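# Commentary on secondary and tertiary structure
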Amino acid sequence: MTGRPAWPLVPTLLVTWVAFGQVVSLSGLAIWVVGGSLLGALGVSSFAGAGRRGLAVVTMVLLTGGVAFLARTVGGDSAGPITRASLMATGVAGAMGLILQTRYPAAVLAAAVVLLGGATGLGAAGRAPWLIGAWAVAAAATLAMLGPYSRADLRARRRLVPLVVSLVAAGLAAVVVIGAATPALRSPWTIPGAADVTGEDQTSPPPPTTTAEPPTAPPSAVPTSATPPTTTAPPPSAVPTPPSTVDPVDRDTVDATSIVVVSALILVLLVLLLVAVAVLRRLLAWLRWRRLRRRLGTGSPRDRVVGAWTWVRLRRVRYDEPLPVSASPDVASTARSPYADRALQDVAQRAARVAYDSASAPSDADAEAAWSAALVAGSAPDGAGARSRWRWAARPPVRDAASDRRSR
């Protein structure tokens, strides 16, 4: 049982990561928020897609608590925002991965709204208008990825242009709505007595400080021969101003720069993750083909000859040149066969003699010759481009290939 891929979760997660970038530091975002959400989404989605819903729920709970505990332990007492952000990102992303594998995958947007609301509640509300617009575009892209149309259908011009227009319209409409609703929003709720706890008063200026003058000596104690000082110190200022050692910084510039840096880092990490997943997928497919070849090429000479024919059929499926069901070894071995491949006919002739004659006893040399021809007949077509070869490399063999060899 295989489930849906986790690609539809990426658009809304990207926007949410940018929102969390307004709350936590760059390192905390990359390690605990991005890493935790990816771990939760991919881990839970893989188990749920394999039909193990109970294990997926347990994984979601353990990952949520584990990532938050590690963030709290490593960060210490100053890791409050990172702990809350990682807890929310990992838990909600895991829930999104679980919902994705249900009968109603579009419900992941409800969890995505909760995640975006948590990010804005933790401190990203200052960028709400453009964040809401970007999230609306990401949500529309998620629905398109979950929709009934394939990638080939969406690439068609008659659907691509309306799709792009719909995405842009959704983002603009969201920005207009949130912009119109902003003046009507009340002041944010704060904890009563927060100013008393911090010991700071933002409305009243600090009280003036006065310095006590030293007591003057009585006239009798002052010697007559003492000469008065030539210079006197200036009176202390009523409100001393400490010297400023930090240059004023434009906060808008800092926020814009951090947004660009965080967005670029997230994109780079995502690209590296996608490349690593693609390479790992092809490596696993190669290992499965090697294992299948070893299993089909062992046994008695009779089994090895039949295994060579099975190998050719499976490899032709991999390279988009499948043999029809009617192409049995005796049909494919005839001179008038439409499959006039010399190597293919060689394997078919040897397999036909073995498969339809129980008294035949092929030798080891026949098995070796059959496999030599099978490796040629089952190779990639000549003139295939790099793109096709890259796509074919990710295709694993049929799961029941070994049992198919044994049943013949």
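Please read all numbers here as calculations on a predicted model, not as lab measurements. (Residues numbered from 1 in each chain as written. Predicted model: local features only at pLDDT ≥ 70, side-chain atom pairs only at ≥ 80, totals over all residues. Heavy atoms only, no water.)

### Looking at the overall build of the chain
For the chain, the count of helices and strands is 16 helices and 0 strands. Taking all 408 residues of the chain together, 33% fall into the buried category. Across the chain, contacts joining residues at least 24 apart in sequence account for 74% of those joining residues at least 6 apart. Accessible area for the chain stands at about 25,300 Å²; split by element, carbon and sulfur atoms hold 64% of it. (Helix = DSSP H or I, 4+ residues; strand = E, 2+ residues; numbered from the N terminus. Buried < 20%, exposed > 50% of the residue type's maximum accessible area, 1.4 Å probe, protein only. Contact = heavy atoms within 4.5 Å. Areas by Shrake-Rupley, 256 points an atom, 1.4 Å probe, with all protein chains shown as cover.)

### Some details on the nonpolar core
L9, L13, F20, V24, V33 and M96 are the most contacted members of the largest nonpolar core, which has 36 residues in total. Sorting the residues of this core by element identifies helix 1 (10–20), helix 2 (26–49), helix 3 (53–75), helix 4 (80–100), helix 5 (108–124) and helix 6 (128–146) as the ones contributing at least two each. In this view, M96 contacts L9, T12, L13, V108, A111 and A112; residues no more than four positions away in its chain are not counted. Grouped together as the second largest cluster of nonpolar side chains are 25 residues, V305, A308, A348 and A374 included. (Core = buried A, V, L, I, M, F, W, Y, C linked by side-chain atoms within 4.5 Å.)

### Considering the packing of helix 11 (residues 301–318) against helix 13 (residues 342–355)
It is at 9 Å that the axes of helix 11 and helix 13 come closest, and there the two elements cross at 135 degrees. As summarised for this structure, helix 11 and helix 13 are arranged oblique, according to the angle between their axes. In the packing of helix 11 onto helix 13, the handedness of the crossing is left-handed. Here R302, V305, V306, A308, W309, V312 and R316 of helix 11 come into contact with helix 13, specifically with L344, V347, A348, R350, A351, V354 and A355. Here the contact of helix 11 with helix 13 is built from residues that sort into 11 nonpolar, no polar and 3 charged. (Axes fitted to C-alpha atoms, helices over the stretch in contact; angles between N-to-C directions. Parallel < 35°, antiparallel > 145°, perpendicular 65-115°, else oblique. Left-handed = near helix turned anticlockwise from the far one by under 90°. Nonpolar A, V, L, I, M, F, W, Y, C, P; charged D, E, K, R; others polar.)

### Structural notes on the environment of A343
Along the chain, A343 turns up in helix 13. Residue classification places A343 among the buried residues on the basis of a relative accessible area of 13%. Residues A343 and L375, spaced 32 residues apart in sequence, show a C-alpha to C-alpha distance of 8.6 Å. Setting aside anything within four residues of it in sequence, one finds A343 in contact with A373, V376 and A377.

### Looking at a positive patch on the surface
There is a patch of like positive charges on the surface, built from R288, R290, R291, R293, R294 and R295. Mapped onto the secondary structure, R288 falls in helix 10 (residues 251–296). (Patch = residues over 30% accessible without salt bridge, like charges linked within 9 Å, V, L, I, M, F, W, Y side chains within 5 Å. Salt bridge = Lys/Arg side-chain N within 4 Å of Asp/Glu carboxyl O. Lys, Arg positive; Asp, Glu negative; His and termini not counted. Charge placed at Lys NZ, Arg CZ, Asp CG, Glu CD.)

### Here's the deal with a nonpolar patch on the surface
Taken together, the side chains of L280, L283, L284, W286 and L287 present a nonpolar region at the surface, about 500 Å² in accessible area. Following the sequence through the fold, L280 ends up in helix 10. Since its relative accessible area comes to 47%, L280 is described here as partly exposed.

### Topic: the packing of helix 13 against helix 14 (residues 364–377)
Packing of helix 13 against helix 14 leaves a shortest axis separation of 8 Å and a crossing angle of 145 degrees. Helix 13 and helix 14 meet at a crossing whose hand is left-handed. Contacts between helix 13 and helix 14 pair A343, L344, D346, V347 and R350 from the former with D366, A369, A370, A373, A374, V376 and A377 from the latter. Of the residues belonging to the contact of helix 13 with helix 14, the class tally is 9 nonpolar, no polar and 3 charged.

### Some remarks on unusual backbone geometry
Positioned with a positive phi, D320 is a non-glycine residue whose angle comes to about 60 degrees. Within the secondary structure, D320 sits in the loop between helix 11 and helix 12 (329–332).

### Examining the environment of T102
Relative to the helices and strands, T102 resides in the loop between helix 4 and helix 5. Considered as a pair, T102 and G3 are 99 residues apart in the sequence and their alpha carbons are 9.1 Å apart. The residues touching T102, leaving out its near neighbours within four places in the chain, are R4 and R53.

### Focus: helix 13
Residues three or four positions apart in an α-helix share a direction because the helix packs 3.6 residues into each turn. Between its first and last C-alpha, helix 13 extends 20 Å over 14 residues, near the 20 Å set by a 1.5 Å rise per residue. Taken as a whole, helix 13 has its buried residues at A343, L344, Q345, V347, A348, R350, A351, A352 and V354. Of the surrounding elements, those touching the buried residues of helix 13 are helix 11, helix 12 and helix 14. (Expected span 1.5 Å × (residues − 1).)

### Description of the environment of P322
Tracing the backbone through its elements, the reader meets P322 in the loop between helix 11 and helix 12. Sequence-wise, P322 and V312 are 10 residues apart; in three dimensions their C-alpha atoms are separated by 9.5 Å. Ignoring sequence-local partners within four residues, the contact set of P322 consists of R316 and V317.

### What to know about the packing of aromatic side chains
The final tally for this structure, using the stated rule, is 3 aromatic pairs. Arranged with centres 5.9 Å apart and planes meeting at 50 degrees, the rings of W311 and W371 form a pair that is tilted. On the criterion of sequence distance, the pair formed by W311 in helix 11 and W371 in helix 14 is long-range, its members being 60 residues apart. The residues W311 and W371 share a single accessibility class, namely buried. An aromatic cluster is defined as three or more aromatic residues linked by ring pairs; in this entry it consists of W289, W311 and W371. The ring of W390 carries R282 above its face, with NZ or CZ at 3.8 Å from the centroid. Positioned above the aromatic ring of W289 is the side chain of R315, whose terminal nitrogen or guanidinium carbon lies 4.8 Å from the ring centre. (Phe/Tyr/Trp six-rings, centres within 6.5 Å; stacked < 30°, edge-to-face > 60°. Lys NZ or Arg CZ within 6 Å of the ring centre and 35° of its normal.)

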